[in-house]
Amino acid sequence: MAGIAPQTRRIAVVTSGNSRGSNLRAIHDAFRNGAYPVEIALCIVTKRSAPIVTLCQDKGIPVEFISSKDLSTFETKLRSLLDEYQIDLIALAGFLKKLSISFIRDLTIPILNIHPALLPRYGGEGMYGIKVHEAVFSAREKRSGATVHYVNRDYDSGRVVLQEAIDITDCTSPQDIAAKVLKVEHHIYAKAILKVLKIH
Ligand code: GAR
């Protein structure tokens, strides 16, 4: 007798106006062949002209725009879209605003974020993108990496889901570190999502 196919789990990737979408692409690539019952069912953008919109259109991923100028309105609209699209997990990718405590507390689905460093080091308010790698480079660190963590009330301080470190002694600039760490990000985000959804 054939087994019952597991229900496909639906992810929303929440991005900012400037997101390149490289993590969205990596997550999509990891799940598109159907090896796991997971799909990106929604991408949220905070700017209609965000470069990621074209990428989503190419991949057939539904995109919804919500302005993030007013956080309370943003969260109300996001909550309603999460219901409408029947989302099981939120993956922040380059979304830099701090979600409110009440939004996080009332949501019954996990919210994950990816950070381009080995948290708890090099995290916190204002630490994003190249700024993180500049700090790591200035401190002459030998290792960096990426962290996927649950989102909580403070920046970059939620429980770690997955972290992977790499040697950066061959990097001669923050940009070098950024490029090397980005490969790690692309490798761990889908793995972290599977871990949280308990799909093996
Ligand atoms: C990623 O490098 C992610 O780690 C970073 O934004 C980038 C989004 O890139 N997030 C932070 O720095 C959060 N503090 P992407 O649009 O190519 O996925």
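What comes next is a walk through the structure.

How each quantity is defined
- Residues numbered from 1 in each chain as written.
- Predicted model: local features only at pLDDT ≥ 70, side-chain atom pairs only at ≥ 80, totals over all residues.
- Heavy atoms only, no water.
- Near = heavy atom within 4 Å.
- Polar contact = N/O pair within 3.5 Å; in protein donor to acceptor, adjacent residues only side chain to side chain.
- Areas by Shrake-Rupley, 256 points an atom, 1.4 Å probe, with all protein chains shown as cover.
- 1 Å grid on protein atoms, 1.4 Å probe; cavity = no way out; pocket = protein on both sides within 12 Å on 5 of 7 lines; lining within 4 Å.
- Sits in = over half its atoms within 2 Å of the grid points.
- Pairing = 2+ DSSP bridges.
- Helix = DSSP H or I, 4+ residues; strand = E, 2+ residues; numbered from the N terminus.
- Right-handed = clockwise from strand over helix to strand, strands pointing away.
- Axes fitted to C-alpha atoms, helices over the stretch in contact; angles between N-to-C directions.
- Left-handed = near helix turned anticlockwise from the far one by under 90°.
- Contact = heavy atoms within 4.5 Å.
- Nonpolar A, V, L, I, M, F, W, Y, C, P; charged D, E, K, R; others polar.
- Points joined across faces, edges and corners; volume = space filled by probe spheres on them.
- Salt bridge = Lys/Arg side-chain N within 4 Å of Asp/Glu carboxyl O.
- Buried < 20%, exposed > 50% of the residue type's maximum accessible area, 1.4 Å probe, protein only.

Details of the site of the ligand
Around the ligand, the surrounding shell holds 14 residues, and the nearest of these are Arg20, Gly21, Ser22, Asn23 and Glu185. A distance of 2.9 Å separates an oxygen atom of the ligand from a polar backbone atom of Arg20. Ser22 is positioned with one of its side-chain polar atoms (N or O) 2.5 Å from an oxygen atom of the ligand. Here the ligand loses 92% of its free accessible area of 450 Å² to cover by the protein chains. Judged by the proximity of its atoms to the pocket grid, the ligand belongs to the largest pocket.

A word on the pairing of strand S1 (residues 9-14)
Across 6 bridges, S1 lies against strand S2 (residues 38-45) in parallel orientation. Counted as the bridge partner of Ala12 is Leu42 from S2. What joins S1 to S2 is helix H1 (residues 22-31), and the crossover it makes is right-handed. Of the pairings in the sheet, the one linking S1 to strand S4 (residues 89-92) comprises 4 bridges and is parallel in character. The residue bridging Val14 from the neighbouring strand is Leu92, located in S4.

Some details on the packing of helix H5 (residues 130-138) against helix H6 (residues 174-196)
One way to put it is that H5 packs onto H6 with a least axis distance of 8 Å and a crossing angle of 115°. At the point where H5 passes H6, the crossing takes the right-handed sense. Here Ile130, His133, Glu134, Val136 and Phe137 of H5 come into contact with H6, specifically with Pro174, Gln175, Ile177, Ala178 and Val181. Grouping the constituent residues of the contact of H5 with H6 by class yields 7 nonpolar, 2 polar and 1 charged.

What to know about the layout of surface pockets
Approximately 960 Å³ is the volume attributed to the largest pocket. Surrounding the largest pocket, 46 residues form its lining, Gly94, Phe95, Leu96, Tyr128 and Gly129 being those nearest its centre. Those elements giving two or more residues to the lining of the largest pocket turn out to be H1, strand S5 (111-115), H5, strand S6 (143-150) and H6. Residue composition of the lining of the largest pocket, by class: 19 nonpolar, 19 polar and 8 charged.

Considerations on the environment of Thr172
Here Thr172 lies in the loop between strand S7 (160-167) and H6. Each C-alpha atom, one on Thr172 and one on Arg20, is 23 Å from the other, the two residues being 152 residues apart in sequence.

Let's talk about the pattern of salt bridges
A complete count under the given rule lists 6 salt bridges for this structure. Note that Glu39 and Arg10 form a salt bridge whose closest N and O atoms lie 2.9 Å from each other. Of the two residues, Glu39 is situated in strand S2 and Arg10 in strand S1; the sequence distance between them amounts to 29 residues. Judged by its relative accessible area of 33%, Glu39 is partly exposed. Classification of Arg10 by relative accessible area gives partly exposed; the value is 23%.

Side note on the sheet that holds S7
Here 7 strands make up an open sheet; going across it, the order is S3-S2-S1-S4-S5-S6-S7 and the pairing mixed. Edge strands, defined here as strands with exactly one partner in the open sheet, are strand S3 (63-65) and S7. If you compare each strand with its neighbour and ignore which way they point, the axes differ by 20° on average. Across the face of the sheet, helix H2 (residues 52-59) comes into contact with S2 and S3 while running at roughly 150° to S2. Where helix H3 (residues 71-84) meets the sheet, its contacts fall on S1, S2, S3 and S4, and the angle it forms with S2 comes to roughly 155°.

Worth remembering: the numbers are spatial, not functional.
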